[in-house]
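Each chain, written out:
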Amino acid sequence: MRPALPGRAGGRPRSRSATLTPTARVLRLRRRISLLFALTSAVGLIAMAVLAVRSDSGRWREQLDHTMDADTSWALGLLETDEEGRLVLDVLADSVDTACPPLTVLLADGDDRGALRVEHAPAKPCLTVSRAVVLEAGRAAVRADGVRAFDGRTTDGGPVRVFAQPFYAPEATDDEGPQGVLVTVADATAQRDDHRRLVWLVTGGCAVLVLLSAAVGHVLSGRAVRPALAALDRQEAFLADAAHDLRTPAASLRTLAETALRGETDSADVHRRTLRLAEGMGRLVDGLLTRARLMSGTAAVARQPLRLDQLVEAVVDEAPTEGHRVRVEAEEAVVVADPEFVRRAVGNLLDNALAHGHAPGVPADVLITVGRDGVLTVEDAGPGLPPEVAGALFERFRSGSGSTGLGLSIASWVAHAHGGTLTAGPGERGEHGERGEHGGARFVLRLPVSG
């Protein structure tokens, strides 16, 4: 059996789309939407441009044909016949030799309806075309038994419009063909130039509009895929959070299980440590899911009047504060907020103070105050905020001291979702609770009060 080639799975070629990341696929979709928008606009504009050019082309030809039809109709009134019914061209010749456009009279030559001869041609025509063009125009009019008009060229190569109108003998029957043909020529240089300018103008306008539509399509497609890109960013952030947060407790559980299998520790101690790790992992997963719901907007904020002082007291009563000192100084305060979200924000601030607001081996000393103006303060007597994380304290992975930063980032989101703020700074108490300007960290959560 031959080995599979590199880049193949089971010997089958792997499609290019399978190697693209979700973000790359969305960006490729954006390019395709932009291209489709531009192509659709281009097809519509080109169709309209073709119609406009064809309409203008027919319009200027119709105008010249109408003018030449009036000239030949006037010339037909100058045709006379003698007593024997023969055509007399004296009056016509005297008139057309001094006018422009030039008129050429062709007469039928014998019984052959297609045979024509030049009976009269202007001596000094303002437009000179070859005799072959004139005769071909006359024969076309005879064959069609009606007016014929087409584009032509002068002997100098200039554009002209050739017009041929047959005429009949006064007493001719229906079976008899035309007695002759009047052929006139009109200069089409000005009309051609105007038409050419129109073509260039329409072409340039279409090019500009297609480029503009492509740009607009690119912008609109960007706005269309922006939610998808944001969702992918949130998904990647959630996966990164989960991988980062669960790696350490998972490794600890593995180590604990290996130790228990070797019998190197007491089973009761193993159970206690396993329980603590499981509870910690549960809190991590709960925090991750909450942050994902908050960032994606699936968790709606249900605002209602809320006694902030009572909620804080309930959170402190439920928190694992054994071995630590937590005091609450609260005034009656009614805020407009979501109780569940505010409870989580207050709990996260308290957990952060209990975990990092004290020196190793020293119980935490936390003071929580609630003012009537909806301001909640959580202050500890620990080592304070590390300078390297002070500027990005509420970003994930940036709280310092080994924490993931999810708790503070969730608390910050809750504050901003309610139109409030969450700030952090140095505390106002020393390590032993005395008032001063050193020691500890101070978090201030401001929520809108009830009107």
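Right, let's walk through the structure included here. (Residues numbered from 1 in each chain as written. Predicted model: local features only at pLDDT ≥ 70, side-chain atom pairs only at ≥ 80, totals over all residues. Heavy atoms only, no water.)

1. Examining the overall build of the chain
Quick note on the threshold: Put simply, DSSP H or I for four residues or longer makes a helix, DSSP E for two residues or longer makes a strand, and each gets a number counted from the N terminus. The rule is simple: take the accessible area with a 1.4 Å probe, protein chains only, and divide by the maximum for that residue type; under 20% is buried, over 50% is exposed, in between is partly exposed. Note on contacts: a residue pair qualifies if any of its non-hydrogen atoms lie within 4.5 Å across the two residues. The Shrake-Rupley method, run with a 1.4 Å probe, gives the accessible areas here. Residue values count only the displayed protein chains as cover.
Check the secondary structure of the chain and you find eight helices and 16 strands. By the burial criterion, 35% of the 451 residues in the chain qualify as buried. For the chain, the share of sequence-separated contacts (at least 6 apart) that also reach a separation of at least 24 residues comes to 65%. Carbon and sulfur atoms make up 55% of the accessible area of the chain, which amounts to about 26100 Å² in all.

2. Brief notes about the pattern of salt bridges
Condition: Each salt bridge in this description consists of a side-chain nitrogen of Lys or Arg and a carboxyl oxygen of Asp or Glu lying within 4 Å of one another.
Enumeration according to the criterion identifies 15 salt bridges in this entry. Of the charged contacts in the structure, one is a salt bridge between Arg 117 and Glu 119, with a shortest N-O distance of 2.3 Å. Given the relative accessible area of 35%, Arg 117 is considered partly exposed. Overall, Glu 119 belongs to the partly exposed group, its relative accessible area being 35%. A salt bridge links Glu 379 to Arg 442; the shortest N-O distance between them is 3.7 Å. On the criterion of sequence distance, the pair formed by Glu 379 in strand β14 (residues 375–380) and Arg 442 in strand β16 (residues 441–446) is long-range, its members being 63 residues apart. A relative accessible area of 4% means that Glu 379 is categorised as buried. On the accessibility criterion, Arg 442 (25% relative accessible area) is partly exposed.

3. Observations concerning helix α7 (residues 339–356)
So the rule is basically this: Expected helix span is computed as 1.5 Å times (number of residues minus one). Any N or O atom pair separated by 3.5 Å or less is treated as a polar contact, with the protein-specific requirement of one donor-capable and one acceptor-capable atom, and with residues adjacent in sequence counted only for side-chain atom pairs.
Taking 1.5 Å of rise per residue, 18 residues should cover 26 Å, and α7 covers 26 Å from first to last C-alpha, within 8% of that figure. All of the buried residues in α7 are Phe 341, Val 342, Ala 345, Val 346, Gly 347, Asn 348, Leu 349, Leu 350, Asn 352, Ala 353 and Leu 354. One side-chain oxygen at the N-terminal end of α7 lies 3.0 Å from the backbone nitrogen of Glu 340; it belongs to Asp 338.

4. As for the nonpolar core
Stated precisely, the cut-off is as follows: By nonpolar core we mean a set of buried residues, namely Ala, Val, Leu, Ile, Met, Phe, Trp, Tyr and Cys, connected to one another through side-chain atoms within 4.5 Å.
Among the nonpolar cores identified, the biggest contains 34 residues, and Leu 308 and Leu 376 are the most heavily contacted of them. Listed by contribution, the elements that provide at least two residues to this core are α6 (308–318), β12 (334–337), α7, β13 (365–370), β14, α8 (406–417) and β16. It is α7 that contributes the most residues to this core, eight residues altogether. Beyond its immediate stretch of four places on either side in the chain, Leu 308 contacts Ala 333, Val 335, Val 342, Val 370, Gly 374, Leu 376 and Leu 447. Judged by nonpolar contacts, the second largest core, of 15 residues, contains Leu 127, Val 142, Val 160 and Val 183.

5. Digging into the environment of Ala 224
Mapped onto the elements of the fold, Ala 224 is located in helix α4 (residues 189–262). Taking the C-alpha atoms as reference points, Ala 224 and Ile 33, separated by 191 residues in sequence, lie 9.6 Å from one another.

So yeah, pure geometry; function would need other evidence.
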